[in-house]
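Here's the letter readout for the chains.
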Amino acid sequence: MSIQAKPLPKVELPPLRQIGQPLRRIDAMEKCVGVTRYSADYAMTNMLHAKVLRSSKPHARITKLDISKALAYPGVEAVLTSDDMPNQTLVTDMPGQTGQQRRAGSDAPVLAKEIVRFYGEAIALVAAQSLDIAERAVKLIEVEYEELVGVFDTEEAMKPGAPIVFAPDNIVAEHKVKRGDMEKGFAEADLIVEREYRMPYIDHAYLEPESGVAWVDDQGVVHIRVCTQVVEHYRSIALALGLSQNKVHIEGTLLGGGFGGKEDITVEIYIGLLAMKTKKPVRLEYTREESLKAHSKRHPFIIRHKTGVKKNGKITASQVRLISNSGAYVFLSPYVLMYATSSAVGPYYVENVDLHGYSVATNNPFSSAFRGFGAAQACVAYEQHMDEIAKEIGMDRLELRKVNYIQTGQTTATGAEITSAAWLEETVTHSLAKLGEKSKPSADHIKIGHGFASYMQSYGRIMFFHDTSQAWVTLEQDGGVTIRCGVPDLGAGQISALCQIAAEVLGVSMLEDVVIYYTDSALTPLAGTSTATRQLYMSGNAVLMAATSVRTNVLTFAAEKFDVTLDDMDIAERKAFVKTDPTKFIALDDLAKQSAAAGVELSNLSMFKAPFCERPDPETGQGEIWPDFTFGAMAVEVAVDMETGEVSVLKSVACHDIGRAINPVAVEGQIQGGGMQGLGYGLMEDLIVDQGYLKTHSFAEYLIPTAYDMPAIQTIILESGTGKGPFGAKGIGEPSLTPGAPALANAVADAIAARVTQLPLTPERVLAAIKQKKEFV
């Protein structure tokens, strides 16, 4: 059936010169020719090399830890255990600059002491004169264990008498959202649909494993050059090292991917400790195998939906139960759970909701931030469930969604009003129209399926964190522009976006006239974490504020020279001119010089503050959580081999309303990259953990999609201009991933007329679903 794209509301965006242009990123050329320096590319004179000894057991008591042979090995300069820690624990809660009190029970040990709680937990550190010596020394450390009974299944971990991962019990977090009258809502329903959906561990699989180098200067300052999403970790690191905060300096580098995996502290604390101990530079770089073992994972979830629906498709009640696997330590699990639970009904207006989530500790790898941050797992469940509801009531799945889509002015399950454009029908119909009719199958045993998924997802951090970002913008006396902002760039173009904003405001060329200094905890104003799709919103607005202040200063000075008002002036192409008579102008460099001579401020430090709010009610979850939402959809066509269960993606289309595209090429890259990651989540990615033991040790076992596996994602960028970011922009970094996996799952279900409720959709699971359908029939 052919789908017609819904006409877009009339939107008149003000014309701009730099914003909206597909400009080359400022770091593109260096990356293309291979000269960009990542954290692993840095070395220093007399530098030592580090290695980490990790647990070979998922749950055990350390009965012997003998480092004497390793310490005596020639070339070894330090071996550290938990006994050498100034502070035995590491803060894992609320990374960033908010300064709020951290959550009780959220700290994790730097190195295991007495008990190891997951396979791969760090036990000891080695620093040696060469990498080879460090690797040999680690093997000389003698460890003996008394194995303890572990718990690896979340539902088992919740039962009375289950082994306790850490006191007092295995419930790491609980979150509830309640609204309306559930008894009334279910009574009004013509049908109640119940289903369960499961999602696995997956790895971030960034191209660049964790690495860094640390050294101590003559003032006793520990400098750490590292790939990180959070330079503000210097505070937590200082606490763990037993130093004052001004004695730790984080110098971030460009990242080869993060996706949340470099949001937590990784190598920083280890090289900091070893540099302090040896008084020499220390370098640590994980191999891929070490990286897979050491860093956090996406939370596995079990999500159960019970939904009341009328024959006309209107949802009358939604009850959702969620269980996430936090692994052995807390990290950001409570917040991931809050995102998932609060997003559990999806982009739909439901008057009666009862959402209840638990995050549960197990002796598995620890879980933390991952692109999508709980909202992605929620979407996997709610969008599959919408298709299941449509099937049960015999209604077209798109029409079912149209009946229930949330609208601007309505409220979310937590009672927060939608204040920006909610282009849900627009994005889904544009996606489906572009996808077109079903392709013809290449053989009789091949079935073609179409699937789609809609979503709404927040951008910007939780509002009760009281988030801020700072930026310093200077107009130099030769007309150049300098930005100083502590934003980490994950490879998504965060720093380029800031340069494009400043270039627009100050009338210069982004590539020729703007320089940015970034990601430095001591020398650039702190900009907060590159997480939560927040940097364009937060740091973009900070740069916009600072640049606008400088612009106002110099144009006010120019207006006086031309005897006009400030509103009569404009600035472009390195000239300040009178709008009604562009022949009256002054070159930007001359204006800057004259302004400076007259004492006009050519620099500005601005802080952008996100809206602040209090925490939602703990019993009902009612209250504001996020500043705004991005809305979008993805449509997928698959071919399924009914004999082998193999799924091939033939076509995919992603459509998102991003408010306004600062750089459409960068937006397209985010949509394609995120969409591909979402399809990989649905089709093949599965970090296998068996009774606590990791079985997918490398990319030979852990599968991720390649260009060979997937066709290019077709992108459609809509611009409502209603976002809270600069010039009406919305965030797209995390939202681009979210609809991919459920759209794929719905396409497979459409092809085989059966539902695979557990990701990924492996050939074995697809064949099992086909077989079960045949047996049922």
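Coordinates for the structure precede this section.
So, here is what we can say about the structure in this document. All values reported here derive from a predicted model rather than from experimental measurement. (Residues numbered from 1 in each chain as written. Predicted model: local features only at pLDDT ≥ 70, side-chain atom pairs only at ≥ 80, totals over all residues. Heavy atoms only, no water.)

**Observations concerning unusual backbone geometry**
Residues A167 and P168 are joined by a peptide bond in cis, for which omega reads 5 degrees. Take P168: it is sitting in the loop between α4 (154-157) and β9 (171-179). The linkage connecting L759 with the following residue, P760, adopts the cis geometry, with an omega of -10 degrees. Here P760 shows up in the loop between α18 (740-752) and α19 (763-776). A positive phi angle is found at N46, which is not glycine, with a value near 60 degrees. (Helix = DSSP H or I, 4+ residues; strand = E, 2+ residues; numbered from the N terminus.)

**Concerning a nonpolar patch on the surface**
On the surface, M29, V33 and V35 cluster together to form a nonpolar patch covering roughly 280 Å² of accessible area. Here V35 shows up in the loop between α1 (28-32) and β1 (48-54). (Patch = residues over 30% accessible without salt bridge, like charges linked within 9 Å, V, L, I, M, F, W, Y side chains within 5 Å. Areas by Shrake-Rupley, 256 points an atom, 1.4 Å probe, with all protein chains shown as cover. Salt bridge = Lys/Arg side-chain N within 4 Å of Asp/Glu carboxyl O.)

**Re the pattern of salt bridges**
Summed over the entire model, instances satisfying the criterion amount to 45 salt bridges. Notably, a salt bridge pairs R17 with D570, separated by 2.9 Å at the nearest N-O pair. Here D570 lies in strand β22 (residues 569-572) and R17 lies in the segment before α1, a separation of 553 residues in the sequence. With a shortest N-O distance of 3.3 Å, R25 and D27 are connected by a salt bridge. Classification of D27 as buried rests on a relative accessible area of 6%. Salt bridges sharing common partners tie together E383, D387, R397, R401, K438 and D750. (Buried < 20%, exposed > 50% of the residue type's maximum accessible area, 1.4 Å probe, protein only.)

**As for helix α3 (residues 131-140)**
Helical periodicity: at 3.6 residues per turn, an α-helix aligns residues three or four positions apart in one direction. Of all the residues in α3, the buried ones are I133, A134, A137 and V138. Buried residues of α3, viewed axially, fall in a sector of 135 degrees; they line one side. The secondary structure elements touched by the buried residues of α3 are β1, α2 (68-72), β3 (76-80) and β7 (122-128). (Arc of directions from axis to C-beta. Contact = heavy atoms within 4.5 Å.)

**Comments concerning the nonpolar core**
Of all hydrophobic cores here, the largest spans 121 residues; its most connected members are M199, I462, V636, V638, V640, I752 and V766. The residues touching I462, leaving out its near neighbours within four places in the chain, are Y335, M338, Y339, I625 and W626. With 49 residues, the next largest nonpolar core counts A527, V550, L555 and F557 among its residues. (Core = buried A, V, L, I, M, F, W, Y, C linked by side-chain atoms within 4.5 Å.)

**A short note on the state of the cysteines**
For the structure on display, the rule yields 0 disulfides. Considering cysteine sulfurs only, C655 is the nearest to C379, which forms no disulfide, with 15 Å between them. The exposure class of C379 is buried, given its relative accessible area of 0%. Free cysteine: C485, not disulfide-bonded; nearest cysteine sulfur from C499 at 9.9 Å. (Disulfide = S-S within 2.5 Å.)

**Some details on the packing of helix α6 (residues 234-241) against helix α7 (residues 268-278)**
Interhelical geometry of α6 versus α7 gives an angle of 45 degrees and a closest axis separation of 10 Å. Taken together, the axis directions place α6 and α7 in an arrangement best described as oblique. Note that α6 runs across α7; the crossing there is right-handed. Along its contact with α6, which presents I237, A240 and L241, the element α7 presents E268, I269, G272, L273 and M276. Grouping the constituent residues of the contact of α6 with α7 by class yields 6 nonpolar, 1 polar and 1 charged. (Axes fitted to C-alpha atoms, helices over the stretch in contact; angles between N-to-C directions. Parallel < 35°, antiparallel > 145°, perpendicular 65-115°, else oblique. Left-handed = near helix turned anticlockwise from the far one by under 90°. Nonpolar A, V, L, I, M, F, W, Y, C, P; charged D, E, K, R; others polar.)

**A few points about the sheet that holds strand β12 (residues 222-226)**
With mixed pairing, 7 strands are arranged side by side in an open sheet as β3-β7-β1-β14-β11-β12-β13. Whereas interior strands pair on both sides, the edge strands pair on one side only; in this sheet they are β3 and β13 (248-252). Adjacent strand axes in the sheet meet at a mean angle of 20 degrees, parallel and antiparallel pairs treated alike. In terms of strand pairing, β1 meets β7 through 6 bridges, oriented antiparallel. Looking at the pairing, R54 lines up with A122 of β7. Where α3 meets the sheet, its contacts fall on β1, β3 and β7, and the angle it forms with β1 comes to roughly 25 degrees. Those strands touched by α7 are β1, β3, β7, β11 (211-216), β12 and β14 (282-285), and its axis lies near 30 degrees from that of β11. (Pairing = 2+ DSSP bridges.)

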